[in-house]
Amino acid sequence: MADFTATVYQNEFLPDGGTDVHAIVTVKCTGAGAAGQSGSGDAGEIIIVDTSGSMGRDGVQAAAYAAQTALDQILDGVWFAVISGNDRAQLAFPPSAEPVMVRMDSYTRQAAKDAVSRFYADGGTAMGTWLRLASRVFATVPSLTQKHAILLTDGENQHETPEALTQAIQSVTGQFQCDTRGVGVAWQVDEVRRIAQALLGTVDIIPAPDQLAAEFSKLIQNAMGRGVAQADLRVWAPQGAEVLFVRQVAPTVEDLTARRTAVNPLTGSYPTGSWGDESRDYHVAIRLAAKAIGQEQLAARVQLVLGNDVVAQSLVKALWSADDALTTRISPEVAHYTGQTELAQAIQDGLAAKAAGDTATATTKLGRAVQLAAATGNEEATTRLRKVVDIDDQEAGTVRLKRTVEKADEMALDTASTKTTRVRK
Amino acid sequence: MDVAMTSTTETVCPSCGGPVSEADRFCEACGTELNPGSATSPTTPALDTDTEPTIEISTVPVDQVGPCQSCGGTVGAEGYCETCGTKAAKLRDHFEEQPAPWVAGVCDRGIRHSRNEDAMALGADAEPGSRALLVVCDGVSSSLDSDVASLAAARAACEVLQAGHAKGLGTDSSRGSAIAARLKAAADAASDAVLDNTSPDSPNPASCTFVAAVLEDGLLVAGNVGDSRAYWFPDEAEPVALTVDDSWAAELIATGISREEAESGPHAHAITRWLGKDAPDHTPRTTTIHVTGPGWLVVCSDGLWNYCSEAAPLADLVRQTAAGCGGEPKATASALVDWANAQGGQDNITVALARI
């Protein structure tokens with residue numbers, strides 16, 4: 001049985017008239033077990049592979065090999081299917097005109113590998129249709145409590161309007177989780193990130209097709225290690241208080257604020273998807289009505305909930321004090337993740353400005369990103385930034401845009417922008 | 001109590017420069033809280049200054065865990081209102097007792113301190129003016145777990161006083177001696193209770209003061225260790241201080257220095273006797289008087305008398321406050337606590353009263 005703990009980091013002391021309470025809540029899961037084996041329902045896995053014409057013969061072969069590697073990692077007993085996508089979606093396995101899934105065993109694994117080996121490159125790209133088919137396929141197995149897909153693409157979503165993709169994403173949000181990967185440099189980070197964020201998954205670039213198999217293998221292994229099918233973060237705030245935001249801040253920055261569904265007038269629920277043995281940090285900000293010096297109140301109750309069971313809880317407090325030594329103290333955790341969140345935004349804004357030809361804004365934003373990455377000890381971000389800018393002064397954030405940048409490096413900086421580092425202890 | 005009796009000189013108070021030991025939570029000299037925040041929560045990563053006492057307070061009526069004082073909502077298991085989030089007062093932070101309509105007391109955290117280390121235990125027979133037992137202990141805040149120790153001490157002492165009915169040979173003087181002997185036994189029990197609540201390797205063992213007053217058939221016997229006090233304020237006669245503090249200030253006063261000067265000096269709150277593992281002696285000094293007319297018996301901690309030390313003005317304050325409360329003891333005790341809080345509430349405040 002999975003075991004969850006929640007720990008809060010905050011400065012609960014507010015000055016006279018202070019209203020805003022910030023806290024970092026670290027939720028840790030241990031003993032999650034394997035997907036579909038916790039006794040609370042079955043696990044389902046769908047592999048979605050781009051087989052559009054742009055993939056070419058070599059690309060499709062690499063993708064097929066990667067899909068076969070992924071099939072090897074799916075545990076016996078897990079329900080699965082393979083979808084090939086171009087400007088429309090086809091169920092590549094099981095071979096059926098109607099949506100269907102089968103359980104993994106040695107026979108179905110081999111049959112699926114055979115089916116995947118017959119992939120060929122043809123047609124355009126309409127990822128919305130792939131997502132819709134995946135949702136219909138998952139829906140054929142009512143016992144599934146954990147639904148995960150990996151989606152591979154190599155190009156822009158040309159054969160579908162952005163609105164159609166948005167509608168498709170909306171229609172499948174909450175139906176399954178999806179990790180997305182782009183191979184090569186012809187795909188749009190924003191487009192694919194949109195899918196991943198809505199479907200509680202990750203996004204990354206795979207620069208060359210020969211790296212696909214290792215990545216797919218890792219993704220499926222991660223998915224199979226998530227024995228907790230679905231958990232929700234619940235945030236209670238007192239009457240009259242305002243929840244300014246709820247963000248996941250580690251391992252990646254994801255703003256959850258808009259994903260709230262009301263449990264009751266004072267409590268909101270935010271889906272967090274499935275959990276393996278891991279820890280995630282959440283930044284919760286609450287605005288209260290100020291109280292008198294010496295008064296204390298609960299500012300928020302942050303819980304992790306499985307179904308209707310509260311499995312971990314942290315209390316965020318507020319205590320008004322006249323002691324400046326207490327009220328001016330800044331929680332290092334809150335400061336760190338505030339910086340990391342700004343870092344992600346600075347990278348994305350900087351790259352967007354660069355793409356739009358706005359060199360001045362790009363230089364400022366990426367300079368700020370360099371400064372924040374250094375200040376928060378995010379060395380991976382610094383390394384990625386160095387491939388896009390020349391750094392004159394790291395602390396001051398003075399940079400120059402490099403004249404020639406590898407497209408893949410720029411995309412890697414973009415996809416990894418939301419990855420955060422933990423607080424240095 | 002804002003004071004320590006002993007201190008290993010390792011550093012100085014940031015406020016007055018007086019010597020303080022690393023384990024001290026408050027400066028011995030000026031009462032400044034040392035290392036606020038960190039000292040109270042050395043092991044938790046979050047800034048959690050919660051200092052719940054480690055024992056349940058069983059004798060405090062449960063009806064004090066009522067709805068939220070702020071909005072009327074339900075108070076949850078963690079002690080916060082489930083609607084507006086307001087922290088419910090801890091039972092240990094403020095409790096009241098009234099064993100009989102004519103005897104009542106209020107024990108309150110005050111404003112400045114983060115927990116209530118004062119304690120009180122009362123007993124009384126129903127017949128007004130017949131028999132009353134009032135015990136107040138004030139935990140020394142520079143020692144560890146004084147809140148737990150002081151409450152255990154007060155209750156243990158009150159239990160001993162409740163059980164005893166020895167009247168000697170029945171003459172007034174032998175009755176007085178018998179009651180004084182009971183007070184000594186009560187102090188022994190209180191001392192044992194403090195020791196029972198002190199961990200053997202504590203760097204700063206729990207300590208508290210002790211004052212008890214016993215009224216029995218017209219005899220009033222009071223005894224104290226430390227600087228918690230008992231007063232007798234007869235309606236038709238001069239007010240009487242029944243106790244003399246075991247304190248640095250009291251020793252100065254004995255040498256002829258004015259009370260005002262002595263009690264405002266840098267070591268005004270240093271006490272010379274207390275209950276605890278490192279106590280030199282805990283035998284209470286007792287005073288016996290005959291009660292011949294109506295009046296107020298007051299037993300209190302320094303949280304009250306800090307703001308009104310002399311017997312005469314304190315008697316005026318008690319009489320005026322009582323008049324404003326229709327002479328009702330609990331309302332009067334509560335109003336006196338409110339008054340001390342209005343003066344700043346620098347320390348924990350305990351006021352126990354018997355209307356005789």
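For the structure given in this document, a descriptive report is provided here. (Residues numbered from 1 in each chain as written. Chains lettered and ligands numbered in written order. Predicted model: local features only at pLDDT ≥ 70, side-chain atom pairs only at ≥ 80, totals over all residues.)

1. Some details on unusual backbone geometry
Residues and elements named next belong to chain A.
- For the bond running from Phe 93 to Pro 94, omega is -5°, close enough to zero to count as cis.
- Tracing the sequence through the fold places Pro 94 in the loop between strand S6 (89-93) and strand S7 (102-103).
- The omega angle of the peptide bond from Ala 250 to Pro 251 is 5°, so this bond is cis rather than trans.
- Positive phi, normally seen in glycine, also occurs at Leu 200, with a value near 55°. (Helix = DSSP H or I, 4+ residues; strand = E, 2+ residues; numbered from the N terminus.)

2. Observations concerning the packing of helix H1 (residues 56-73) of chain A against helix H2 (residues 106-117) of chain A
Residue and element names in this part refer to chain A.
- Contact geometry for H1 and H2: axes closest at 9 Å, N-to-C directions at 170°. Taken together, the axes of H1 and H2 are roughly antiparallel relative to one another. On the side of H1, the interface is formed by Ala 64, Ala 67, Gln 68 and Leu 71, while H2 contributes Arg 109, Ala 112, Lys 113, Val 116 and Ser 117.
- Residue composition of the contact of H1 with H2, grouped by class: five nonpolar, two polar and two charged. (Axes fitted to C-alpha atoms, helices over the stretch in contact; angles between N-to-C directions. Parallel < 35°, antiparallel > 145°, perpendicular 65-115°, else oblique. Contact = placed C-beta atoms within 7 Å. Nonpolar A, V, L, I, M, F, W, Y, C, P; charged D, E, K, R; others polar.)

3. Focus on the packing of helix H8 (residues 332-355) of chain A against helix H9 (residues 359-375) of chain A
Residues and elements named next belong to chain A.
- Axis separation between H8 and H9 bottoms out at 8 Å; the angle between their running directions is 155°. It follows from the interaxial angle that H8 and H9 lie roughly antiparallel. For the element pair H8 and H9, the recorded crossing hand is left-handed. Every residue of H9 that contacts H8 at Gly 339, Glu 342, Leu 343, Ala 346, Ile 347, Asp 349, Gly 350, Ala 353 and Lys 354 is listed here: Thr 361, Ala 362, Lys 365, Leu 366, Arg 368, Ala 369, Leu 372, Ala 373 and Ala 375.
- Across the contact of H8 with H9, the residue classes tally to ten nonpolar, three polar and five charged. (Left-handed = near helix turned anticlockwise from the far one by under 90°.)

4. Topic: the sheet that holds strand S15 (residues 349-355) of chain B
Residues and elements named next belong to chain B.
- Taken together, the six strands give an open sheet; going across it, the order is S3-S4-S15-S14-S10-S11, and neighbouring strands pair in antiparallel fashion. The outermost strands of the open sheet, each flanked by one partner alone, are strand S3 (94-100) and strand S11 (240-241).
- Across six bridges, the pairing between strand S10 (residues 229-234) and strand S14 (residues 295-300) is antiparallel. Its bridge partner being in S14, Pro 234 is matched across the sheet by Gly 295. (Pairing = 2+ DSSP bridges.)

5. Details of the interface of chain A and chain B
- Contact residues are listed per partner, giving 16 residues for chain A and 13 residues for chain B.
- Within the side of chain A that touches chain B, the residues separate by chemical class into seven nonpolar, six polar and three charged.

6. A short note on the environment of Ala 290 of chain A
Residue and element names in this part refer to chain A.
- The residue Ala 290 is located in the loop between strand S16 (278-287) and strand S17 (296-306) in this model.
- By C-beta crowding, Ala 290 is classed as partly exposed, having 16 other C-beta atoms within 10 Å.
- For the pair Ala 290 and Leu 14, spaced 276 residues apart in sequence, the C-alpha to C-alpha distance is 8.8 Å.
- Ignoring anything within four residues of it in the chain, the contact list for Ala 290 reads Gly 17, Gly 18 and Thr 19. (Buried ≥ 20, exposed ≤ 12 C-beta atoms within 10 Å, placed from the backbone.)

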